[in-house]
Amino acid sequence: MRRAGRRSRQAPEGNPMENGVGREVEASEPPAAEGAPNARPSRPRPRLVFHTQLAHGSPTGRIEGFTNVKELYTKIAEVFGISPTEILFCTLNTHKVDMQKLLGGQIGLEDFIFAHVRGETKEVEVTKTEDALGLTITDNGAGYAFIKRIKEGSIINRLQTVCVGDSIEAINDHTIVGCRHYEVARMLRELPRAQPFTLRLVQPKKAFDMIGQRTRTSKSPSEGRVSSGKETLRLRAQGPATLEDGPSPFEEEAACRVDDLLESYMGIRDSELASTMVEAAKESPGAAQLARDLDSVLGEFAFPQEFVAEVWAAVCHSKEVQK
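The structure displayed is predicted, hence computed values, not measured ones. Numbering of residues starts from 1 in every chain and runs along the sequence as written. Since the coordinates come from a predicted model, pLDDT governs what is reported: local features require at least 70, and pairs of side-chain atoms require 80 or more to be given and counted, while whole-chain, interface and lining totals use all residues. Side-chain measures here rest on the full set of heavy atoms in the structure, leaving out hydrogens and waters.

1. Here's the deal with the pairing of strand 12 (residues 196–204)
Inference 1: In this description, strands pair whenever DSSP reports at least two bridges between them. What counts as a helix is a DSSP run of H or I of at least four residues, what counts as a strand is a run of E of at least two, and both are numbered from the N terminus. As paired strands, strand 7 (residues 113–127) and strand 12 are joined by 8 bridges and run antiparallel to one another. Bridge pairing in strand 12 places V124 opposite L199.
Inference 2: In terms of strand pairing, strand 10 (residues 167–171) meets strand 12 through 4 bridges, oriented antiparallel. By the bridge assignment, I168 is partnered in strand 12 with L201.

Structure, rendered in structure tokens:
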């Protein structure tokens, strides 16, 4: 889907830079032969390089040349000599299991990436005494669904062994690895009441207390700013990654509202999905057309009509608020 109102440029690939973070400059054209007529200076282009660590403690590595989340995990795994399937999710600028700092489809050019890897496996028996378990599910874009939020006072909240950040590996010994978050949420909703079931969970490996949170200000003086901080690398499920300007206040407000609707209707949170729906709404003349647009690009979600109407209303309200 076209991202309206933003400038984007294909992100080139290359070798790691020698100094700094974010990007370095190299020539995009070979130099003209000496003495050649009308010789023009070469045009610089950015080479994007990001710093990364394992959240539980590791040396700092550098990665580049990825265009989607799966490739990102592969690059991180290569740096640290682990399998990509060991990575449960990534956070930006903090080693903590902070669901507000989850890596999604966009990475700021100065963001520091922390990879949370598989820790201990645990099983817990749950009896569904209510229709809702109190879980909000998200996924890492590479086959693992995990718990993003636990509602206070809910069934799951009363089970101390279940934590935010735990990956759901199986339901009643039926593996759900490779399933999207909305599929897992649907499976949990469809479980019968009063019948116990078992969740097999994998918790992220615990971070050492001595590791401090890395922020943009932790760079050395030689690692100067590379952008205004609003420019981001957007990862695509298909096609190359692109550099884009950050979202406008209206887009941020609307995406937040749509993400809240996703949680209330479907039991999932997905900021990138919410942003995609906002962009579709911006280009639609009304709720009916939005429903058709969403069905054409996100048909697997099977959004009900009343939900699409709520999305349209939320986007329109956000637009009015930001005027």
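2. Concerning the nonpolar core
Inference 1: Among buried residues, those of type Ala, Val, Leu, Ile, Met, Phe, Trp, Tyr and Cys that are joined through side-chain atoms within 4.5 Å constitute a nonpolar core. Any residue under 20% of the maximum accessible area for its type is buried, any over 50% is exposed, and the rest in between are partly exposed; the area is computed with a 1.4 Å probe on protein chains only. I168, L188, M277 and F303 are the most contacted members of the largest nonpolar core, which totals 48 residues.
Inference 2: Tallying contributions element by element places helix 3 (residues 249–266) first for this core, with 7 residues.
Inference 3: Per the annotation, domain bounds derive from an automatic or database assignment of domains. Split by domain, the residues of this core number at least three in each of domain 1 (49–204) and domain 2 (247–321).
Inference 4: The contacts of I168, once residues within four sequence positions are left out, are I137, A145, F146, I147, I176, V184, L188, L199, R200 and L201.
Inference 5: Residues L72, L103, A241 and L243 belong to the second largest nonpolar core, which totals 23 residues. A contact between two residues is defined here by any heavy atoms of the two lying within 4.5 Å.

3. With respect to the confidence of the model for the protein
Low pLDDT means the predicted atomic positions in that stretch should not be read closely.
Inference 1: Averaged over all residues, the pLDDT of the protein equals 80, while 76% of them reach at least 70.
Inference 2: Confidence of the predictor in every single residue is expressed as pLDDT, which spans 0 to 100. Low pLDDT, under 50, characterises residues 1–36; the stretch is placed with 98 contacts to residues that sit more than four places away or in other chains.
Inference 3: Per-residue pLDDT stays below 50 along residues 209–229; that stretch engages in 34 contacts with residues further than four places along the chain or on separate chains.

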